[in-house]
Amino acid sequence: MRTRRPPGVAERSRKPCLLRRFLFDGWNVRFICIDYFSAKFQKGLQKYLYFLKMQNPHHMHFTFFSNDPMSSWIEVRWEIPINHATSFEIQWPAWRPGRYELQNFSQQVGKVWLEDTPGNLTKISKDRWFISNLQPGPVIIRYRYYAREINAGSSFIGPDFWYLNPINCTPYIPERRSEPITVFFPGTSHCQYAGGLPAKKMEDGWVLEAQDYDHWVDSPLLLSPTLQHQTYVVQDIPFTLWVEGNYTPNWDRLIPEFKAFTEHQVELFGTFPESQYHFLLWVVDFPFYHGVEHRNSTMMVLGPPDQDPEEFRRDVLGLASHELFHTWNVCKIRPKELRPYDYSQENYFNTCFIAEGVTTYYGDEMLRRSGVFSEKEYRQELETICRRHFETAEPAEISLLDSSLDLWVDGYKKGVPHRKVSVYHKGALVAMLLDQLILEKSQGTASLDTVMQDLWKQFGTTEIGYTYLDYQTIVEHYVGEEATIDYFNRWISGTENLWETWQWVLEKKGYPAMVKNQEGRISWGE
């Protein structure tokens, strides 16, 4: 992969010396020419930035650009075309959906100021600003954001490369989140665009449109001249895999495998909730494994590409299948406490073992059912999950239910030994246990598939949000009151050791037992 990491140079100071604005009605753009002196080149360096002339004057409009991508600083111009308030506040998101911990994105925000707008701007908390003494009319806010972090939920820029998770770098006016947004990236017309938002390539850059703030911040994007992509179709819906980095996929093998697990997931729920879907894969040259779900896309960061080809393939497939399942489970079938999202503070909910644990189970299960993973590959992944739970988290002081709440405390770090359990790992194991329990109690007429289908019909298609009690009620319909109480008291709200019951699950599923050696290491007992 070609190097995109800045060498760590500090931002170079520049003195703006000329700013001219011209309006070209026929081109439907506003042209801004900035000439400024650069110490590096010791001459005037001319930059051309193009700001979209909004056809709909009610749209919020953001322009993202960088005078020096190697510095990692993004410049943003936020135009609010209609404002009747004399004052309002802007809020920076403190966290992002998909990772339930405070990340305080405002720590990467530089200067924030008003441009060509009479009024006052004052910072009033770590991530909130108060704008006052305004007059009716347009408001323009400028700010700078440092984008140099690499993971599936961050933002990073380099020469000819934009990777943006908008929630990192886009503030909002709390009472105006429902307004449409237009976004412009000047100087990117030579790039390809990958993302879930409607986009149009202008002569001078890409223009994106979002229905509202939530739509915009739930839509990661890549802009690069070296993107590779292939598209397949399931039920008349296009699914596109985009790849950036020093990796050339075996498309003839990979696309049929993607299509196979996609077909099985769509078949489970009966329909796909979006008109298109995009897998965004950034392959980096160092060990990494991370993915984040979004309404009609996923961002995945994996590396390095020079590891064992079969291992890398399994990583790509495992991550992609997991994130695609989230399109139903959490993006649409969402806990009630997360409707709507409050980006300013913790959003506590105790059902993340459903959102993430059930998804972890089905991510690999769909690969097994579709034949993409062989039984050997599936058992290898299952063994990994078992080892992560039984070797590190059992016995535990607190339950799976409380561990869901405590994601906001220490859910994404090692923490105190044997204090908590993982909503991913134990969540996946008890999901498989529940699947077998339902099969047993219903004599094969229902399964965890049936529960997920009910959740989809009752809470996904309606988008009203479910509760812990709602989940219990659906399960009770298939296994009865006594078995429901037993299951949730022992494995969800309780801390009983799962090991012996897990052996029963493996036997019923047709797998050999697992064993522990003297050091507590888990393996198959064949």
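This text goes with the structure placed above it.
Everything quoted here is computed from the prediction, not taken from an experiment.

A. Highlighting the pattern of salt bridges. The final tally for this structure, using the stated rule, is 32 salt bridges. A salt bridge links arginine 142 to glutamate 115, with the nearest nitrogen and oxygen atoms 2.8 Å apart. With arginine 142 in strand 10 (residues 139-146) and glutamate 115 in the loop between strand 7 (109-114) and strand 8 (120-125), this pair connects stretches of sequence that are 27 residues apart. When the shortest N-O distance is used, the salt bridge between arginine 387 and glutamate 391 registers 3.5 Å.

B. The sheet that holds strand 5 (residues 73-80), seen in detail. Strand order across the open sheet formed by 7 strands is 7-10-5-4-13-16-15, with mixed pairing between neighbours. Both edges of this open sheet fall to strand 7 and strand 15 (199-202), since each of them pairs with a single strand only. Adjacent strand axes in the sheet meet at a mean angle of 20°, parallel and antiparallel pairs treated alike. Bridge analysis of strand 4 (residues 60-65) against strand 5 gives 5 bridges, and the strand direction is antiparallel. By the bridge assignment for strand 5, threonine 63 is matched with arginine 77.

C. Spotlight on the environment of phenylalanine 105. By secondary structure assignment, the location of phenylalanine 105 is in the loop between strand 6 (88-91) and strand 7. When the C-alpha positions of phenylalanine 105 and threonine 170 are compared, they lie 9.5 Å apart, and in sequence the two are 65 residues distant. The residues contacting phenylalanine 105, other than those within four sequence positions of it, are Trp92, Pro93, Ala94, Trp95, Arg96, Tyr145, Ile167 and Asn168.

D. Quick peek at the sheet that holds strand 9 (residues 128-132). With antiparallel pairing, the 3 strands of this open sheet are ordered in space as 6-9-8. The sheet terminates laterally at strand 6 and strand 8, the two strands that pair on one side only. Adjacent strand axes in the sheet meet at a mean angle of 25°, parallel and antiparallel pairs treated alike. In terms of strand pairing, strand 6 meets strand 9 through 4 bridges, oriented antiparallel.

Conventions used here
- Residues numbered from 1 in each chain as written.
- Predicted model: local features only at pLDDT ≥ 70, side-chain atom pairs only at ≥ 80, totals over all residues.
- Heavy atoms only, no water.
- Salt bridge = Lys/Arg side-chain N within 4 Å of Asp/Glu carboxyl O.
- Helix = DSSP H or I, 4+ residues; strand = E, 2+ residues; numbered from the N terminus.
- Pairing = 2+ DSSP bridges.
- Axes fitted to C-alpha atoms, helices over the stretch in contact; angles between N-to-C directions.
- Contact = heavy atoms within 4.5 Å.

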